Amino acid sequence: MFMGIFNKIKNLFKKEENFEEELKEEINTEESEIHKNTLDESSNSIENEEKKNVKIYEKGLSKTRDNFVSKLINLTNKYNKITEDYFDELEEILIMADIGVNTVMDFMDRLRKRVKNEKIEDVNYLKEVIVDELFIIYVNDEIIVNKINFSENRPTVILFVGVNGVGKTTTIAKIASRLHDEGKSVMMVAGDTFRAGAVKQLEEWAIKTESSFVGKEEGADPASVIYDGLQQAIKDETDVVLIDTAGRLQNKVNLMKELEKINKVIGKVIPGGPHETLLVIDATTGQNGISQAKAFKEITNITGIVLTKLDGTAKGGIVLAIKESVGIPVKFIGLGERKEDLQVFDIEKYIYGLFKDMM
Ligand SMILES: Nc1nc2c(ncn2[C@@H]2O[C@H](COP(=O)(O)OP(=O)(O)OP(=O)(O)O)[C@@H](O)[C@H]2O)c(=O)[nH]1
Ligand SMILES: [Mg+2]
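Report on the accompanying structure.

What counts and what doesn't
Residues numbered from 1 in each chain as written. Chains lettered and ligands numbered in written order. Predicted model: local features only at pLDDT ≥ 70, side-chain atom pairs only at ≥ 80, totals over all residues. Helix = DSSP H or I, 4+ residues; strand = E, 2+ residues; numbered from the N terminus. Buried ≥ 20, exposed ≤ 12 C-beta atoms within 10 Å, placed from the backbone. Contact = placed C-beta atoms within 7 Å. Near = placed C-beta within 6 Å. Nonpolar A, V, L, I, M, F, W, Y, C, P; charged D, E, K, R; others polar. Axes fitted to C-alpha atoms, helices over the stretch in contact; angles between N-to-C directions. Parallel < 35°, antiparallel > 145°, perpendicular 65-115°, else oblique. Left-handed = near helix turned anticlockwise from the far one by under 90°. Pairing = 2+ DSSP bridges. Core = buried A, V, L, I, M, F, W, Y, C linked by C-beta atoms within 7 Å. Expected span 1.5 Å × (residues − 1). Arc of directions from axis to C-beta. Right-handed = clockwise from strand over helix to strand, strands pointing away.

Let's talk about the overall build of the chain
Along its length, the chain carries 13 helices and eight strands. The buried share of the chain, taken over its 359 residues, is 41%. Here the contacts in the chain between residues at least 6 apart in sequence split such that 77% fall between residues at least 24 apart.

Have a look at this one:
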């Protein structure tokens, strides 16, 4: 089973810190300047990148950590025995963190069983079991696919959907910028021809991120803009095409028809496309975001979720609720407004970011 995830994650990140310390010492005792430089370079790139990412998780999850985890710590300090009152309070804390009522109920069942079967009496130990069990909710015996499904042939087509204001356009900009840093050529396509100013906004992001851009006037048919964009991308041999769309969920039938049409056009021009359809959800909208995910899942084939604005909520438990109640993997999370604040979702960094004060 997953026994000891708490300790595994703790060791993983603590070890990283120690490794860095050891490395520094090693370098300091080393006489050759040249050797020092090569060591610096090879270790800096990967290790430091990882460290930076862990820091971004830590920072972006601070609101949730302050709220949820401090409550958990208080609970442990308050009870020196595991009683029914303890379970009741724990349940409330989890629900308040937006983990979702059903998820919490299953979680509590499993926790009670473990306490009984393993005869757990120590509240401090139970804290670790709680982290383990939260991890299990997410992993749930599956292999988590959080990587972008890149196509073998150019271009890879990624469609972004989601209701107004959740962060679609800025997510596209952040992903474009990441891809650009990786040396890939990127095109943005302005499929949101509905909202005033949306085309211009995307074009500005294209300029900033050195992406190419295809868009038409407001009110144009999104499918025709996308058709033109994809033709251009083939001609230019663009690596990745990122398509922005409008999210008018107030009219589900229209939205469904529009997405159907868009998908048809993409599939025709680029066989096998779109290679990803990413649904963007705003974490600060809580359970409402979950409802959006369910609604979109019904009308189109969502391959992954981008959960934005986790830095703006104290209810970061929503990451766990989504997987359980919607069954679609979270591929990216937004932990702030800077481009590096968009992170590939990593359950271990997430758990560490939440529980580091307990570790
Ligand atoms: N703090 C924070 N803000 C974010 C994050 N992601 C996006 N935002 C902000 O959310 C706001 C809305 O983002 P947009 O990208 O314009 O949202 P959209 O879904 O394209 O909106 P419409 O085009 O109106 O449908 C902007 O001010 C973004 O800077 C995040 O992870 N953290
Ligand atoms: Mg937008």
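The discussion continues.
Examining the site of ligand 1
Taken together, 21 residues lie around ligand 1, and Gly167, Lys168, Thr169, Thr170 and Gly334 are the ones closest in. For the shell around ligand 1, the leading source of residues is helix α7 (residues 168-181), giving three residues. Each residue belonging to the shell around ligand 1 can be placed in one class, and the counts come to three nonpolar, 11 polar and seven charged.

Looking at the packing of helix α9 (residues 222-236) against helix α10 (residues 252-269)
It is at 9 Å that the axes of α9 and α10 come closest, and there the two elements cross at 20°. As summarised for this structure, α9 and α10 are arranged roughly parallel, according to the angle between their axes. Seen along the crossing, α9 lies across α10 with a hand that is right-handed. Between α9 and α10, the contacting residues are Pro222, Ala223, Ile226, Tyr227, Leu230 and Gln231 on the first element and Glu258, Lys261, Ile262, Val265, Ile266 and Val269 on the second. A per-class count over the contact of α9 with α10 returns nine nonpolar, one polar and two charged.

Some words on the sheet that holds strand β7 (residues 330-334)
Spatially, eight strands are ordered β3-β2-β4-β1-β5-β6-β7-β8 in an open sheet, and the strand pairing comes out mixed. Each edge of the sheet is formed by a strand with only one pairing partner; in this case those strands are β3 (212-214) and β8 (342-344). The mean inter-strand angle of the sheet, taken between neighbouring strand axes irrespective of direction, is 25°. Examined bridge by bridge, strand β2 (residues 186-191) and β3 share three bridges and lie parallel to one another. The partner of methionine 188 across the bridge, within β3, is phenylalanine 213. Packing against the sheet, helix α8 (residues 198-208) makes contact with β2, β3 and β4 (240-245), and its axis sits at approximately 175° to β2. Each of β2, β3 and β4 is contacted by α9, which is oriented at about 165° to β2, the strand it contacts most.

What about the nonpolar core?
Grouped together as the largest cluster of nonpolar side chains are 94 residues, with contacts concentrated most on Met188, Leu242 and Leu307. In terms of residues, this core owes the most to one element, helix α6 (residues 123-139), which gives eight residues. The residues contacting leucine 307, other than those within four sequence positions of it, are Ile281, Ala283, Val319, Ile322, Val330, Ile333 and Gly334.

Some points on helix α4 (residues 84-96)
With 13 residues, α4 ought to run about 18 Å at 1.5 Å a step, and its terminal C-alpha atoms sit 19 Å apart, in line with that. Along α4, the residues classified as buried are Leu90, Ile93 and Leu94. For α4, the angular spread of the buried residues around the axis is 95°, confining them to a single face. Residues of α4 that are exposed and angled more than 90 degrees away from the buried face: Glu84, Asp85 and Asp88.

Re the pairing of strand β6 (residues 304-308)
Most of β6 is tucked away: five of the five residues are buried. Where strand β5 (residues 276-282) lies against β6, five bridges are found, and the strand directions are parallel. Note that in β6 the partner of isoleucine 281 across the bridge is leucine 307. Where β6 meets β7, three bridges bridge the pair, whose relative direction is parallel. From the neighbouring strand, leucine 307 faces β7, where its bridge partner is isoleucine 333. In terms of handedness, the path from β6 via helix α12 (residues 318-326) over to β7 forms a crossover that is right-handed.

Points about the pairing of β5
Within β5, seven of the seven residues are buried, which leaves it mostly tucked inside the rest of the structure. One ladder, built from four bridges, connects strand β1 (residues 156-161) with β5; its direction is parallel. Note on β5: the bridge partner recorded for phenylalanine 160 is leucine 278. Handedness of the crossover is the feature at issue here: the chain leaves β5, passes through helix α11 (residues 287-299), returns alongside β6, and the resulting connection is right-handed.

Focus on the environment of asparagine 53
Here asparagine 53 is to be found in helix α2 (residues 33-60). Sequence-wise, asparagine 53 and glutamine 343 are 290 residues apart; in three dimensions their C-alpha atoms are separated by 7.5 Å.

Everything listed is a geometric property; what it means functionally is a separate question.
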